[in-house]
Amino acid sequence: MEVGPGITVARMREIPHKRISMIDAIERLLALQDRDQKIRALRLELEQIPGEKKLREKQLAECANRLESAKTRLKEIEVEKKNLEIEAATQRAAIERYKTQQLQTRKNEEYTALAHEIEACGKAISAIEDREIVFMEEAESLTPKIRAAEEEYTTEKARIDKALNALASKVP
């Protein structure tokens, strides 16, 4: 029968009484040393918790900012597209007005001047529509980025919330 690690009853009878207490004391000191090391490690971990919490919160804020930035840019694009549509409609109305004036004019010079105005408005409409297409392409490329940013934010938020909860459970 073993009394301790590697010590049997028969062996104990052979070891003087002082020696048994010495072995027992060493075992207790080793156990105490192990506990002290664990306490030291836990204290170090507790000291790092506030900094780690701030870091996690900063990461989450950065992720939210990226998402908000992408959404804001999409809104800006929509506003620009709407402004361009209004500008194009204004140019089209001017063309219709010039065509009406062309029909009413009797002078060849006025007719030619109105034809140049109509042509200029047509070019302006073409340029507006080109800019509108650029905005539409940008909005189209931004939409998947927003979805990805939303997914990243959701995933990151869940991960960070889990980490923060784990940190909070460690704090006394």
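Conventions we followed
Residues numbered from 1 in each chain as written. Predicted model: local features only at pLDDT ≥ 70, side-chain atom pairs only at ≥ 80, totals over all residues. Heavy atoms only, no water. Helix = DSSP H or I, 4+ residues; strand = E, 2+ residues; numbered from the N terminus. Buried < 20%, exposed > 50% of the residue type's maximum accessible area, 1.4 Å probe, protein only. Contact = heavy atoms within 4.5 Å. Patch = residues over 30% accessible without salt bridge, like charges linked within 9 Å, V, L, I, M, F, W, Y side chains within 5 Å. Areas by Shrake-Rupley, 256 points an atom, 1.4 Å probe, with all protein chains shown as cover. Salt bridge = Lys/Arg side-chain N within 4 Å of Asp/Glu carboxyl O. Core = buried A, V, L, I, M, F, W, Y, C linked by side-chain atoms within 4.5 Å.

A. Region of the structure containing the overall build of the chain. Tallying secondary structure elements over the chain gives 3 helices and 2 strands in all. Mapped in sequence order, the helices and strands of the chain form the string β-β-α-α-α. Here the chain holds 172 residues, and the buried ones make up 20% of them. Restricting the contact set of the chain to residue pairs at least 6 apart, pairs at least 24 apart contribute 77%.

B. Quick look at a nonpolar patch on the surface. Taken together, M22, I26 and L30 make up a surface patch of nonpolar side chains, about 300 Å² in accessible area. Position of L30 relative to the elements: it lies in helix α2 (residues 17-104).

C. The arrangement of the nonpolar core in detail. Of all hydrophobic cores here, the largest spans 11 residues; its members are L67, A70, I77, L84, A88, I128, F135, A139, L142, I146 and A149. A per-element tally of this core places helix α3 (residues 108-170) first, with 6 residues. Ignoring anything within four residues of it in the chain, the contact list for A70 reads L142 and I146. Membership of the second largest hydrophobic core comes to 7 residues, among which are A94, I95, L114 and I118.

D. Examining the pattern of salt bridges more closely. One pass over the full model with this rule turns up 13 salt bridges. Between D24 and R28 there is a salt bridge whose closest N-O contact spans 3.1 Å. Of this pair, D24 and R28 both sit in helix α2, 4 residues apart, which is roughly one turn of the helix. For D24, a relative accessible area of 30% translates into the label partly exposed. R28 gets classed as exposed once you look at its relative accessible area, which sits at 57%. Salt-bridge contacts for R159 lead to E156; the nearest nitrogen and oxygen are separated by 2.5 Å. With R159 and E156 both in helix α3, this residue pair falls 3 residues apart, about one helical turn. By relative accessible area, which is 17% here, E156 ends up buried. Within the structure, one salt-bridge network assembled from shared partners comprises R73, E76 and E138.

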